[in-house]
Amino acid sequence: MDGMLSQEEINALLGDMGAGSSDGGSASGNGGSLSADEKDAIGEISNICMGTAATTLYSLVNQKVVITTPVVEVTTWESMTKEYARPCVFININYKEGIDGNNVLILKEEDVKVITDLMMGGDGLNPSPELTDLHISAICEAMNQMMGSSATSLSSMLNCKVDISPPEAELIDMAGNIDPAKISTFINGEFVNVTFRMTIGELVDSTIMQLYPIDLAKELYRKFSSGDDAEPEPQQAPAPPPVPQQAPPQQAQGQTPQPMPDQSMMGQPMMGQPMMAAQMMGQPMMGQDVNVQNVQFKAFNPMPNPVLQQENIDLIMDVPLDVSVVLGRTKKSIKEILEFAPGTIIELNRLAGEPIDVIVNQKLVAKGEVVVIEESFGIRITDIIKEKM
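Visitor: Mind showing me how you'd approach the packing of aromatic side chains here?
Guide: Within a pair of aromatic rings, the relevant descriptors are the distance that separates the centres and the angle that separates the planes. Scanning the model with the defined rule gives two aromatic pairs in all. Their ring planes at 45° and their centres at 6.1 Å tell us that Trp77 and Phe90 sit as a pair that is tilted. You can see Trp77 sitting in helix 3 (residues 77–83) and its partner Phe90 sitting in strand 3 (residues 87–97), a full 13 residues away along the chain. For the pair Trp77 and Phe90, a shared accessibility class is recorded, and that class is buried. Note on Phe186 and Phe191: the rings are 6.2 Å apart at their centroids and 75° apart in plane angle, and the pair reads as edge-to-face. Taking relative accessible area as the criterion, Phe186 reaches 13% and is therefore assigned buried.

Visitor: What exactly am I supposed to notice about the pattern of salt bridges here?
Guide: Pairs may arise between side chains of opposite charge once their charged atoms sit close together. Under the counting rule described, the total for this entry stands at ten salt bridges. The partner of Lys161 in a salt bridge is Glu97, with the nearest N and O atoms 4.0 Å apart. Taken together, the residues Lys161 in the loop between helix 5 (133–158) and strand 5 (163–164) and Glu97 in strand 3 connect sequence positions 64 residues apart. Assessed through its relative accessible area of 56%, Lys161 is described here as exposed. Given a relative accessible area of 35%, Glu97 falls into the partly exposed group.

Visitor: Just to check I follow, could you spell out the sheet that holds strand 11 (residues 363–373) for this structure?
Guide: Neighbouring strands of a sheet are bound in pairs by backbone hydrogen bonds; such pairs are parallel or else antiparallel. Strand order in the open sheet formed by four strands is 9-10-11-12, and the pairing between neighbours is antiparallel. Since the sheet does not close on itself, it has two edges, and those belong to strand 9 (323–326) and strand 12 (376–384), each with one partner. For this sheet the average axis-to-axis angle between neighbouring strands, irrespective of direction, equals 40°.

Visitor: Honestly, the packing of helix 2 (residues 36–61) against helix 5 in this entry has me stumped. Any pointers?
Guide: Each packed pair of helices is defined by two parameters, the angle between the axes and the distance between the axes. At a minimum axis separation of 8 Å, helix 2 and helix 5 run at an interaxial angle of 140°. Overall, the two elements helix 2 and helix 5 adopt an arrangement that is oblique. Relative to helix 5, the crossing made by helix 2 is right-handed. Along the contact surface, helix 2 presents Ile45, Ile48, Cys49, Thr52, Ala53, Thr56, Leu57 and Leu60, while helix 5 presents Ala142, Gln145, Met146, Ser149, Ser150, Ser153, Leu154 and Met157. Residues that form the contact of helix 2 with helix 5 fall into these classes: ten nonpolar, six polar and no charged.

Visitor: Would you mind showing me how to read unusual backbone geometry here?
Guide: Among all residues except glycine, the phi angle is most often negative; among peptide bonds, the trans geometry is most common. Phi is positive for Asn361, close to 50°, though the residue is something other than glycine. With respect to the element layout, Asn361 can be found in the loop between strand 10 (356–360) and strand 11. Positive phi outside glycine occurs at Gln362, with the angle close to 65°. Note that Gln362 resides in the loop between strand 10 and strand 11. With a relative accessible area of 77%, Gln362 lands in the exposed category.

Visitor: Looking at this structure, I do not really get the side chain of Ser206. What am I missing?
Guide: With respect to the element layout, Ser206 can be found in strand 8 (residues 204–213). Side chain to side chain, Ser206 and Asp111 meet in a polar contact 2.7 Å long. With sequence-adjacent residues up to four places away left out, Ser206 is seen in contact with Lys108, Asp111, Phe196, Arg197 and Met198.

Visitor: Where do I start with the pairing of strand 10 in this structure?
Guide: One face of the sheet, then the other: side chains in a regular strand alternate in exactly this way. Across the five residues of strand 10, five count as buried, placing the element largely inside the fold. Taken together, the four bridges between strand 9 and strand 10 define a ladder with antiparallel strand orientation. Looking across to strand 10, one finds that Val323 is bridged to Val360. Judged from the five bridges that link them, strand 10 and strand 11 form a sheet pairing that is antiparallel. The residue of strand 11 that forms the bridge with Asp357 is Lys367.

Visitor: Would you take a moment to explain the packing of helix 4 (residues 109–119) against helix 5 for this structure?
Guide: One can describe the packing of helix 4 onto helix 5 by two numbers: an axis separation of 9 Å at closest approach and a directional angle of 80°. In terms of axis orientation, helix 4 runs roughly perpendicular to helix 5. Two secondary-structure elements touch here, helix 4 through Val112, Ile115, Thr116 and Met119 and helix 5 through His135, Ala138, Ile139 and Ala142.

Visitor: Mind showing me how you'd approach helix 5 here?
Guide: One turn of an α-helix holds 3.6 residues; hence residues three or four places apart share an orientation. If you check helix 5, its first and last C-alpha atoms are 36 Å apart, about what 26 residues at 1.5 Å a residue would give, namely 38 Å. A positive phi of about 60° marks Asn159, the residue just after helix 5.

Visitor: How should the environment of Gln63 be read in this particular structure?
Guide: Tracing the sequence through the fold places Gln63 in the loop between helix 2 and strand 1 (65–67). Residues Gln63 and Ile115 lie 52 residues apart in sequence; the distance between their C-alpha atoms is 9.8 Å. When sequence neighbours within four positions are dropped, the list of residues in contact with Gln63 reads Tyr58, Leu118, Ile200 and Gly201.

So, how was this worked out
- Residues numbered from 1 in each chain as written.
- Predicted model: local features only at pLDDT ≥ 70, side-chain atom pairs only at ≥ 80, totals over all residues.
- Heavy atoms only, no water.
- Phe/Tyr/Trp six-rings, centres within 6.5 Å; stacked < 30°, edge-to-face > 60°.
- Helix = DSSP H or I, 4+ residues; strand = E, 2+ residues; numbered from the N terminus.
- Buried < 20%, exposed > 50% of the residue type's maximum accessible area, 1.4 Å probe, protein only.
- Salt bridge = Lys/Arg side-chain N within 4 Å of Asp/Glu carboxyl O.
- Pairing = 2+ DSSP bridges.
- Axes fitted to C-alpha atoms, helices over the stretch in contact; angles between N-to-C directions.
- Parallel < 35°, antiparallel > 145°, perpendicular 65-115°, else oblique.
- Left-handed = near helix turned anticlockwise from the far one by under 90°.
- Contact = heavy atoms within 4.5 Å.
- Nonpolar A, V, L, I, M, F, W, Y, C, P; charged D, E, K, R; others polar.
- Polar contact = N/O pair within 3.5 Å; in protein donor to acceptor, adjacent residues only side chain to side chain.
- Expected span 1.5 Å × (residues − 1).

Rendered as structure tokens:
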């Protein structure tokens, strides 16, 4: 052995060094699929979208929601399950307009229980021990609103309309023997994992993950970069309109034209002329007698104007009202009513000679006594009810 390396050994050694120092490398050694610029763009997009989603979640749980700056890496299912092996809720979000593809949002089971308990009016301190279909339906609705608002933010960033389909959620134990293709086809190979730290009041301090296919991440980067390059042209402010010059006043015949005052003398009163500035400001000139009087205010009249009141009453003078006279009342059982027959006497709760009630639209307005007018009954008003009934 002369200590010299062959060409094959040199190539192998350089290949291993390049794989270990690739740009944006992750712990799994698969970080070369995205460049540093692409990772930064995905992180910025996810940060803005999740900030909007946090505001939406706050309105649903009525608790302060904080989602921190994301961490972007390229990983695989095997690498992710080693660090995150626990039952989680996978929410599949499909884009139906603006973007071709889907992403997967991962929440811990305990976090979903707290969020859904708050959405259902609980305090989040004693969530349900088991995750039921009701919880899955509630978290789907929450994710639909959260990701819908983030899609709106994404639309403004990419300058195109972005819309999503209703999310689908499923509880999955990542430690079990799960085929990742059942969750989404892109999880079979390398994918982008964006990790956030999420706090909800003092109830939740956890992490959530958002998984992107690499092709979708690169498409987002292209659209995001093209939107940044196309900067709008600065609009020039319109030039101010020219100030019209006033023509000098015409001089009467026989008058000598007065020279224009110098610019330095503008604003100063000229000798022998009245103080125009003082007159324009309403200030009295020195040496003038000024008549000063107290201000006279009209007295407020709290009483309504009878003329105006009469005019308002005239508008409703023709409205018909139901007037009824009540001689008295009593209560009978159904059995007693069924025994009624011609000649039956019903005793009322009013004494003979006691005033009877005059009712207008079911309101007691007066009392009176019964009289006979030719062949008809009538009532003579004896008292007007002034109290508000």
